[in-house]
Every structure is written in C-alpha cells, then in structure tokens.
Amino acid sequence: MTKLPPRVDWDGNERPASAAEVSRAEGTAARIRREVAEMRRAADELASGSPFEAAVAEFLTTRALMLERAGATPERADSLRPEEDTLAEPGTFPTAARSALLIAHAHLGKK
C-alpha cells in the first residue's frame, strides 16, 4: 500500500492522505512510467540515425530520466510540479517533458 506524507492545512493541522489522493498519485506515477518508456523506445530507435536524430535521442533520453526521477513513484508523483509534467496546459507553451513526449509520439506514429 502506498503511503503518502500527511496533509497539513494553513493552521498546521495534519491529516493522512485520503484514498482519492493516493489513487491519484498512483495513477500519475503509472502514466509517467508509460510515458518514460515511450520516450526511451523512441530514443533507442533514433540513436543510431543521423547526427540530428542522435541529438534528438539524447534529448529524449535526458527528459525521460528527469521525468522518471520527478514522478515515477506515487510518492514522487504526489509532489510533481506542473513544469515537470507532460500534461497539456491550455493557453501555455508545452513543458520540456511535454515536448519530449510529443516528439516521441511523432516518431512512434502516435497521436
């Protein structure tokens, strides 16, 4: 069972993380692991290509590692910052992680 840190309100009162918060963190971590795998698969395919493709592969590998460190476990996903995530934010430019995921999708032929 995943155990998240307690929640603290503005008055300093602590409460355990709710089942919904734990479930959300577990779901986010699972999504992050899938996306990291996609980035790594695309990077592996691109690595032996042209110098440009090798540079793209290096970018994907680096972003996959950073994303994995930021949110691949429920405990880390619970504190994942929006600028580290791959979710699209309407009206904003994509984060580096989102850009890497879009490049991986384009290479792997996904939408």
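Procedures and definitions
- Residues numbered from 1 in each chain as written.
- Predicted model: local features only at pLDDT ≥ 70, side-chain atom pairs only at ≥ 80, totals over all residues.
- Heavy atoms only, no water.
- Helix = DSSP H or I, 4+ residues; strand = E, 2+ residues; numbered from the N terminus.
- Contact = heavy atoms within 4.5 Å.
- Areas by Shrake-Rupley, 256 points an atom, 1.4 Å probe, with all protein chains shown as cover.
- Lys, Arg positive; Asp, Glu negative; His and termini not counted.
- Charge placed at Lys NZ, Arg CZ, Asp CG, Glu CD.
- Core = buried A, V, L, I, M, F, W, Y, C linked by side-chain atoms within 4.5 Å.
- Buried < 20%, exposed > 50% of the residue type's maximum accessible area, 1.4 Å probe, protein only.
- Expected span 1.5 Å × (residues − 1).
- Arc of directions from axis to C-beta.
- Axes fitted to C-alpha atoms, helices over the stretch in contact; angles between N-to-C directions.
- Parallel < 35°, antiparallel > 145°, perpendicular 65-115°, else oblique.
- Left-handed = near helix turned anticlockwise from the far one by under 90°.
- Nonpolar A, V, L, I, M, F, W, Y, C, P; charged D, E, K, R; others polar.

**Examining the overall build of the chain**
What the chain contains, in helices and strands, is four helices and two strands. If you list the helices and strands of the chain from N to C, you get β-β-α-α-α-α. Taken along its principal axes, the extent of the C-alpha atoms in the chain is 55 × 35 × 20 Å. When contacts within the chain are restricted to residue pairs at least 6 apart in sequence, long-range pairs at least 24 apart make up 59% of them. Counting only carbon and sulfur atoms, one obtains 57% of the accessible surface of the chain, whose full area is about 7,200 Å². Distance from the positive charge centre (16 side chains) to the negative charge centre (18 side chains) of the chain: 3 Å.

**What about the nonpolar core?**
In terms of nonpolar packing, the biggest core is built from 19 residues, with I32, V36, M39, A42, L46, L60 and L67 touching the most fellow members. Contributions of two or more residues to this core are made by α1 (19-46), α2 (51-71) and α4 (96-108). Residue contacts for V36: discarding those within four places in its chain leaves A64, L67 and E68.

**Examining α4**
Taking 1.5 Å of rise per residue, the 13 residues of α4 would be expected to cover 18 Å, and the 18 Å separating its terminal C-alpha atoms lies within 8% of that figure. The set of residues buried in α4 consists of A97, A100, L101, A104, H105 and L108. Looking straight down α4, one finds that the buried residues subtend no more than 135° of arc, so they occupy a single side. As for α4, its buried residues are in contact with α1 and α2. G109 occupies a position one or two residues after α4 and carries a positive phi of about 80°.

**Some thoughts on the packing of α2 against α4**
The geometry of α2 relative to α4 is characterised by a closest axis approach of 9 Å and an angle of 130° between their N-to-C directions. Considering the angle they form, α2 stands oblique to α4. Both α2 and α4 take part in a crossing whose hand is left-handed. Contacts between α2 and α4 involve V56, F59, L60, R63 and L67 from the former and A96, A97, A100, I103 and A104 from the latter. For the contact of α2 with α4, the residue count by class is nine nonpolar, no polar and one charged.

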